Each structure stands twice: as C-alpha cells, then as structure tokens.
Amino acid sequence: MGAFVSELWEFMKVRKKFWMLPMFIILVLFGGLIVLAKGSAVAPFIYTVF
C-alpha cells in the first residue's frame, strides 16, 4: 500500500496534478466508511446516499 501511495504522490508531483488529491481522499474516506459500517445499524443510512 505504501508503494502505491508514494507512486501516486510522485505522479501528481511530476505532472502537477495536485487537484486530484481531494478526490482520492474523499474516495478513501467513503470506502472506509462503507467497509466499517457494513455490519452496523448505520449501514441502511449510508446505502441510501448512494
């Protein structure tokens, strides 16, 4: 996982694509929220968002 993050950072640094960083952060946060809430009482509310 660390190698992927460092390669992604190098890509954004070399190509000046820093605008992509907020998108990746939001995707990771939503992915983690879905994984963590899969078996909880919050799950029905999360799935209605999508």
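Residues numbered from 1 in each chain as written. Predicted model: local features only at pLDDT ≥ 70, side-chain atom pairs only at ≥ 80, totals over all residues. Heavy atoms only, no water.

Participant: Would you mind showing me how to read the packing of aromatic side chains here?
Facilitator: Given two aromatic rings, one states the distance between the centres and the angle between the planes to describe the pair. For the coordinates displayed, the defined rule picks out one aromatic pair. Where Trp9 meets Phe18, the ring centres are 5.6 Å apart and the plane angle is 55°; that geometry is what we call tilted. Taking the relative accessible area as the measure of exposure, Phe18 reaches 39% and is therefore partly exposed. (Phe/Tyr/Trp six-rings, centres within 6.5 Å; stacked < 30°, edge-to-face > 60°. Buried < 20%, exposed > 50% of the residue type's maximum accessible area, 1.4 Å probe, protein only.)

Participant: Please explain a nonpolar patch on the surface as it appears in this structure.
Facilitator: A contiguous nonpolar surface patch, about 730 Å² in accessible area, is contributed by Trp9, Phe18, Leu21, Ile25, Ile26, Leu29, Phe30 and Leu33. The dominant element in the nonpolar patch, judged by the number of residues it contributes, is helix α2 (residues 21–36), at six residues. Among the secondary structure elements, Phe30 is positioned in helix α2. (Patch = residues over 30% accessible without salt bridge, like charges linked within 9 Å, V, L, I, M, F, W, Y side chains within 5 Å. Areas by Shrake-Rupley, 256 points an atom, 1.4 Å probe, with all protein chains shown as cover. Salt bridge = Lys/Arg side-chain N within 4 Å of Asp/Glu carboxyl O. Helix = DSSP H or I, 4+ residues; strand = E, 2+ residues; numbered from the N terminus.)

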